[in-house]
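What the coordinates show
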Amino acid sequence: MSGTLRNANLRTGRSFDLGKMNLRQLWIAYLTYPTIILYIVLAIGSFTLLARHFPGIGPTLLAGGAVVAVYPMAWYAIHRFILHGRFLYRMKWTAGLWKRIHFDHHQDPHLLDVLFGSPLNTIPTIAIITIPIGYLIGHLGGSAAAFGTGLTITCIYEFFHCIQHLNYKPRMRWIQKMKQRHVLHHFHDEDGNYGITSFVVDRIFGSYYVDARARPRSPSVFNLGYDVAEANRYPWVMEQTGTPPRDRPAGAPHRDAA
Ligand SMILES: [Zn+2]
Ligand SMILES: [Zn+2]
Ligand SMILES: [Zn+2]
């Protein structure tokens with residue numbers, strides 16, 4: 001048993017703080033995290049179903065490939081238009097959802113608990129996107145291939161997203177660049193670099209930028225536009241947080257090593 005999970009300095013309450021972890025500690029936290037374990041178990045279940053209702057190698061590769069191609073598009077649309085939209089916090093019944101799925105992550109980008117999506121939200125979303133594609137290509141087996149691929153990509157996305165908030169400098173150039181782009185989304189201007197592992201869709205839709213000189217710093221980069229004035233008009237997120245929205249992460253004196 002590693003000391004990581006017992007080290008009180010790494011935990012704030014139940015939370016892991018990526019600003020204080022190294023890569024080895026991240027691997028341990030990641031592979032023991034219930035949400036990740038759930039994805040892995042469901043992916044194994046999907047691939048077992050695929051084997052039992054195997055539609056052939058062609059449809060299997062097509063279903064998997066289609067999901068790999070569609071995924072960055074779907075993530076981009078969800079991240080830009082839903083998570084960064086202003087409508088979810090303005091309705092009482094969706095305010096808590098918005099807080100959990102994105103506001104908390106921008107308020108405190110290092111907390112592992114709110115970095116990972118809630119499986120109650122992510123699993124139905126993955127199913128809705130992947131299963132119809134897979135079904136059209138290969139019925140039950142195709143659906144299983146597509147859903148399993150979607151879960152696998154989600155695990156990869158979540159790992160790279162952790163690395164982007166981990167306080168370390170990756171050795172590989174392409175990971176360094178990927179990390180820099182996402183750090184800009186969190187610490188410079190949130191209205192850009194919506195991708196996680198790929199910024200191809202950002203390039204297509206003109207939301208890609210490479211450094212802080214490209215744009216002025218956004219005042220809403222930590223609160224996503226839910227500032228104190230908005231919180232007074234739409235109080236539900238603030239009521240659940242228990243404090244007014246912050247303009248910067250709480251007690252985060254360090255800068256991200258990007
Ligand atoms: Zn992030
Ligand atoms: Zn965001
Ligand atoms: Zn940081």
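Heads up: the structure comes first, above all this text.
We now turn to the structure provided with this report. Since we're looking at a predicted model, the values are computed, not measured. (Residues numbered from 1 in each chain as written. Chains lettered and ligands numbered in written order. Predicted model: local features only at pLDDT ≥ 70, side-chain atom pairs only at ≥ 80, totals over all residues. Heavy atoms only, no water.)

**Examining the packing of helix α1 (residues 23–31) against helix α6 (residues 119–165)**
Note the threshold: Angular values range over 0 to 180 degrees, each being the angle between N-to-C directions of two axes fitted as lines to C-alpha atoms, with helices fitted over their stretch in contact. Numbered from the N terminus, helices here are DSSP runs of H or I no shorter than four residues, and strands are runs of E no shorter than two. Note: crossing handedness is left-handed where the near helix turns anticlockwise from the far helix by less than a right angle, and right-handed where it turns clockwise. Note on contacts: a residue pair qualifies if any of its non-hydrogen atoms lie within 4.5 Å across the two residues. All residues other than Ala, Val, Leu, Ile, Met, Phe, Trp, Tyr, Cys, Pro, Asp, Glu, Lys and Arg, Gly among them, are scored as polar; the first ten of these are nonpolar and the last four charged.
Packing of α1 against α6 brings their axes to within 11 Å, and their N-to-C directions diverge by 145°. As for how α1 packs across α6, the hand of that crossing is right-handed. Taking contact as the criterion, the partners of L23, L26, W27 and Y30 in α1 are, on α6, C155, I156, E158, F159, C162 and I163. Grouping the amino acids of the contact of α1 with α6 by side-chain chemistry returns 9 nonpolar, no polar and 1 charged.

**Quick word on the packing of aromatic side chains**
Any two aromatic rings considered together are summarised by their centre-to-centre distance and by the angle between their planes. Let me state the cut-off plainly: What counts as a ring pair is set by centres within 6.5 Å for rings of Phe, Tyr and Trp (its six-membered ring), and what kind of pair is set by the plane angle: stacked under 30 degrees, edge-to-face over 60, tilted for all other angles. Buried, partly exposed and exposed residues are distinguished by accessible area as a fraction of the type maximum, computed with a 1.4 Å probe on protein chains only: under 20%, between the cut-offs, and over 50%, respectively.
With the rule as written, the count across this model stands at 18 aromatic pairs. Where W98 meets Y226, the ring centres are 5.9 Å apart and the plane angle is 65°; that geometry is what we call edge-to-face. In this pair, W98 sits in helix α4 (residues 92–107) while Y226 sits in the loop between α8 (200–204) and α9 (228–233), placing the two residues 128 residues apart along the sequence. Each member of the pair W98 and Y226 is classed as buried. Aromatic pair F159 and F160: ring centres 6.4 Å apart, planes at 75°, arrangement edge-to-face. Connected via pairs of aromatic rings, a cluster forms that spans W27, Y30, Y33, F116, F159, F160 and W174.

**Concerning the layout of surface pockets**
To be explicit about the condition: With a 1 Å grid spanning the protein atoms alone, the term cavity applies to any set of points in which a 1.4 Å probe fits but cannot get out, the term pocket to an open set with protein on both sides within 12 Å along at least five of seven lines, and the term lining residue to any residue with an atom within 4 Å of a point. Grid points are joined across faces, edges and corners, and a volume is the space filled by probe spheres set on the points.
Of the volumes computed, that of the largest pocket is approximately 620 Å³. Lining the largest pocket we find 25 residues, and of these W75, I78, L83, G117 and T122 sit closest to its centre. Mapped onto the lining of the largest pocket, the elements with two or more residues apiece are α3 (57–83), α4, α5 (112–115) and α6. Examining the composition of the lining of the largest pocket, we find that 9 residues originate from one element, α6, more than from any other. Split by residue class, the lining of the largest pocket holds 16 nonpolar, 8 polar and 1 charged.

**Section: unusual backbone geometry**
Residue H139 is not a glycine yet carries a positive backbone phi of 50°. Mapped onto the fold, H139 is located in helix α6. Even without glycine at this site, N193 takes up a positive phi of about 50°. Considering the arrangement of structural elements, one finds N193 in the loop between α7 (173–187) and α8.

**Some details on the environment of V67**
Position of V67 among the secondary structure elements: in helix α3. Look at V67 and you get buried, because its relative accessible area is 2%. Separated by 27 residues in sequence, V67 and T94 place their C-alpha atoms 28 Å apart. In contact with V67, other than residues within four places in its own chain, are T130, A146, T149, G150 and I153.

**Some thoughts on the coordination of the zinc ion (ligand 1)**
The condition that has to hold: In this description, a donor is an N, O or S atom within 2.8 Å of the metal centre, a cutoff extended to 3.2 Å for sodium, potassium and calcium. Water is not part of the atom list, which can make sites seem incomplete.
Looking at the metal site, the zinc ion (ligand 1) is ligated by H105 (NE2), H161 (NE2), H165 (NE2), H182 (NE2) and H186 (NE2), spaced 2.1 to 2.2 Å from it. Written as a sequence motif, the donor residues of the zinc ion (ligand 1) are H-x55-H-x3-H-x16-H-x3-H. Of the two residues, H161 sits in helix α6 while H186 sits in helix α7, which places them 25 residues apart along the sequence. Comparing H161 with H186, the two get one shared label, buried.

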